Number of protein chains: 2
Amino acid sequence: MENEVRISLRDIEGMSKIPRLTLVNALSGFKSANLIGTVSEEGVNNLAIFSSVVHLGSNPPFFGFITRPTVVPRHTYSNIKSTGQFTINHIHSGITQQAHQTSAKYDHGISEFETCGFTPVFKEGIKAPFVKESRIQMGLSYVEEYEIKANGTLMIVGKLEELFLPDQVIQEDGYLDLSLLNTVCIGGLESYYKVEQIARYGYARV
Amino acid sequence: MENEVRISLRDIEGMSKIPRLTLVNALSGFKSANLIGTVSEEGVNNLAIFSSVVHLGSNPPFFGFITRPTVVPRHTYSNIKSTGQFTINHIHSGITQQAHQTSAKYDHGISEFETCGFTPVFKEGIKAPFVKESRIQMGLSYVEEYEIKANGTLMIVGKLEELFLPDQVIQEDGYLDLSLLNTVCIGGLESYYKVEQIARYGYARV
């Protein structure tokens with residue numbers, strides 16, 4: 001590698017907070033870009049951006065995401081705990097600015113839908129609001145959670161109950177080429193990227 | 001949404017295995033593309049592609065990834081358990097085909113480095129091999145693991161000990177624009193995407 005730099009744990013520990021957050025958040029690679037919708041017991045719709053949604057299993061379909069109950073977006077967690085449901089809504093290139101704005105620390109009584117310019121939609125069987133502006137919308141039920149003891153973060157596990165998407169994105173073999181919907185991905189804490197397919201390989205054999 | 005299709009849990013449960021895997025794996029959004037390097041107690045270097053690496057914290061720098069100990073890439077897990085270390089190496093557009101090939105079920109005695117065309121590199125303080133062809137290379141120590149009871153998958157948590165990267169990618173504020181290194185992301189099980197930055201926003205305020 002040309003001009004290789006070595007950065008050790010001690011160097012990272014010695015950095016000030018913002019540069020350290022900026023650097024370390026970029027190191028896992030590109031991240032999924034999703035809005036998680038919930039509703040409070042008082043009926044306030046909540047919406048928050050997450051870059052940590054991961055696939056955990058297909059049968060049944062399980063997804064996870066990482067959060068800290070004590071920091072923003074803490075309302076997402078408390079609403080999921082009280083209602084048992086949440087939605088995951090994909091972010092496309094036309095809504096990145098509004099989506100990013102949901103990461104601001106709004107009070108519990110404020111709906112990020114209204115403040116950030118999104119439209120809540122309710123669908124049968126799911127108490128939490130979907131994002132009308134999203135092209136892939138998933139309704140999930142809470143399954144379980146794990147506290148990562150190393151630093152107190154939580155992984156929330158949900159089961160997909162209802163999926164809504166435009167029929168033209170579903171390919172014959174079941175694949176969804178999300179680039180056709182202009183779905184974006186996230187770099188670090190605040191950068192948004194459009195994507196373009198360069199290769200699709202088959203199942204790899206020895 | 002035009003031509004909206006609704007797919008319920010029951011529909012997904014009723015699908016056959018391959019289309020279900022194909023569909024559900026695409027639903028979390030774009031995924032990080034990394035090669036995880038390990039070495040067995042017998043000294044065989046192992047390399048496997050993972051699309052589930054996530055950022056768990058910055059201080060200290062923790063990363064996680066999802067695996068199933070009973071399926072490929074099971075050698076990654078057993079090697080991490082026996083040596084306590086592993087490497088995470090970013091995949092760029094020039095090495096996607098070889099990287100994808102590491103997902104084939106090679107025997108424990110076969111090194112995917114050799115078979116798939118990668119060069120193992122050892123660096124001070126880390127027992128596991130780095131991937132010379134990767135432009136961002138991370139050496140981690142095993143911290144802990146969590147079994148997701150819902151389906152028996154594991155989340156492995158590691159702490160970043162050593163980071164190697166080209167100096168020109170580090171921006172003044174600490175950000176790494178991975179698109180400058182042609183780092184790719186993954187869609188579903190087998191699609192690779194190049195990315196292009198469309199926006200970078202600041203810290204969102206109310």
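Because the structure is a prediction, the values reported are computed rather than measured. (Residues numbered from 1 in each chain as written. Chains lettered and ligands numbered in written order. Predicted model: local features only at pLDDT ≥ 70, side-chain atom pairs only at ≥ 80, totals over all residues. Heavy atoms only, no water.)

> What's the story with the packing of aromatic side chains in this structure? I'm lost.
Centre-to-centre distance and the angle between the planes together describe a pair of aromatic rings. Residue and element names in this part refer to chain A. Across all of its chains, the model carries 10 aromatic pairs over all chains by this definition. Ring plane angle 85° and centroid distance 5.5 Å describe the contact between Phe-130 and Phe-164, whose orientation is recorded as edge-to-face. Pair noted here: Phe-130 is in strand β9 (residues 126-131) and Phe-164 is in strand β11 (residues 153-166), with a separation of 34 residues, a long-range link. In terms of burial, Phe-130 and Phe-164 fall into one category: buried. Each residue in the set Phe-50, Phe-65 and Phe-86 is aromatic and connected to the rest through ring pairs, giving one cluster. The ring centre of Phe-130 lies 5.4 Å from the NZ or CZ of Lys-123, which sits over that ring. The ring of Phe-164 carries the charged tip of Lys-123 above its face, separated from the ring centre by 4.0 Å. (Phe/Tyr/Trp six-rings, centres within 6.5 Å; stacked < 30°, edge-to-face > 60°. Helix = DSSP H or I, 4+ residues; strand = E, 2+ residues; numbered from the N terminus. Buried < 20%, exposed > 50% of the residue type's maximum accessible area, 1.4 Å probe, protein only. Lys NZ or Arg CZ within 6 Å of the ring centre and 35° of its normal.)

> Could you clarify how one ought to interpret the interface of chain B and chain A in this entry?
Interfaces are often sized by the amount of accessible area the parts lose when they come together. At the interface, 105 residues of chain B touch 105 residues of chain A. Where chain B packs against chain A, one counts six salt bridges. Ionic pairing is found between B:Glu190 and A:Arg200, a salt bridge with its closest N-O pair at 3.0 Å. Where chain B packs against chain A, one counts 62 residue pairs in polar contact (both at pLDDT 80 or more). Partitioning the side of chain B that touches chain A into residue classes produces 49 nonpolar, 33 polar and 23 charged. The pairing of strand β13 (residues 191-200) of chain A with strand β13 (residues 191-200) of chain B spans nine bridges and is classified as antiparallel. (Contact = heavy atoms within 4.5 Å. Salt bridge = Lys/Arg side-chain N within 4 Å of Asp/Glu carboxyl O. Polar contact = N/O pair within 3.5 Å; in protein donor to acceptor, adjacent residues only side chain to side chain. Nonpolar A, V, L, I, M, F, W, Y, C, P; charged D, E, K, R; others polar. Pairing = 2+ DSSP bridges.)

> It is not clear to me how the confidence of the model for chain A should be interpreted in this structure. Could you clarify?
Low-pLDDT portions of the prediction should not be read for the details of their coordinates. With 97% of its residues at a pLDDT of 70 or more, chain A has an overall mean of 95. Both scores are given for the predicted complex: the pTM is 0.96, the ipTM 0.96. (pLDDT = per-residue confidence, 0-100.)

> Please clarify how the environment of A:Glu196 should be interpreted in this entry.
For A:Glu196, the location among the structural elements is in strand β13. As a C-alpha pair, A:Glu196 and A:Ser179 span 17 residues in sequence and 6.1 Å in three-dimensional space. Setting aside chain neighbours within four positions, we find A:Glu196 in contact with B:Tyr192, B:Tyr193 and B:Lys194.

> Hey, could you run me through the pairing of strand β7 (residues 85-90) of chain B in this one?
For a regular strand, side chains alternate in direction, first toward one face of the sheet and then toward the other. Residues and elements named next belong to chain B. With six of its six residues buried, β7 lies for the most part within the structure. Side chains Gln-85, Thr-87 and Asn-89 project from β7 onto one buried face, and the interleaved Phe-86, Ile-88 and His-90 project onto a second face that is buried too. As defined by bridge partners, strand β3 (residues 34-39) adjoins β7 across four bridges and the pair is classed as antiparallel. Within β7, the position partnered with Gly-37 by the bridge is Thr-87. Here five bridges tie β7 to strand β10 (residues 137-148), and the two strands are oriented antiparallel to one another. In the sheet register, Thr-87 faces β10, and the bridge partner there is Gly-139.

> How should helix α3 (residues 74-83) of chain A be read in this particular structure?
Side chains three or four residues apart in an α-helix point the same way, a direct result of the helix having 3.6 residues per turn. Residues of α3(A) that are buried: A:His75, A:Thr76, A:Tyr77, A:Asn79, A:Ile80 and A:Thr83. At the exit of α3(A) stands A:Gly84, carrying a positive phi of roughly 80°.

> Sorry, what's going on with unusual backbone geometry here?
Peptide bonds are, in most cases, trans, and in most cases residues other than glycine have a negative phi. All names here are of chain A. Going from Asn-59 to Pro-60, the amide bond is cis rather than trans, its omega being 0°. As for its position among the elements, Pro-60 is in the loop between β5 (54-58) and β6 (61-67). At Asn-182, a residue that is not glycine, the phi angle is positive and equals roughly 60°. On the secondary structure map, Asn-182 appears in the loop between β11 and β12 (185-187). Its relative accessible area of 39% is what places Asn-182 among the partly exposed residues.

> Mind showing me how you'd approach the sheet that holds strand β2 (residues 31-32) of chain A here?
Within a sheet, neighbouring strands are paired by backbone hydrogen bonds and run either parallel or antiparallel to one another. In space, the six strands of this open sheet follow the order β2(A)-β12(A)-β13(A)-β13(B)-β12(B)-β2(B), with antiparallel pairing throughout. Each having just a single partner strand, β2 of chain A together with β2 (31-32) of chain B make up the two edges of the open sheet. By the bridge criterion, two bridges tie β2(A) to β12(A) in an arrangement that is antiparallel. Residue A:Lys31 lies in a different strand from β12(A), and its bridge partner there is A:Ile186.

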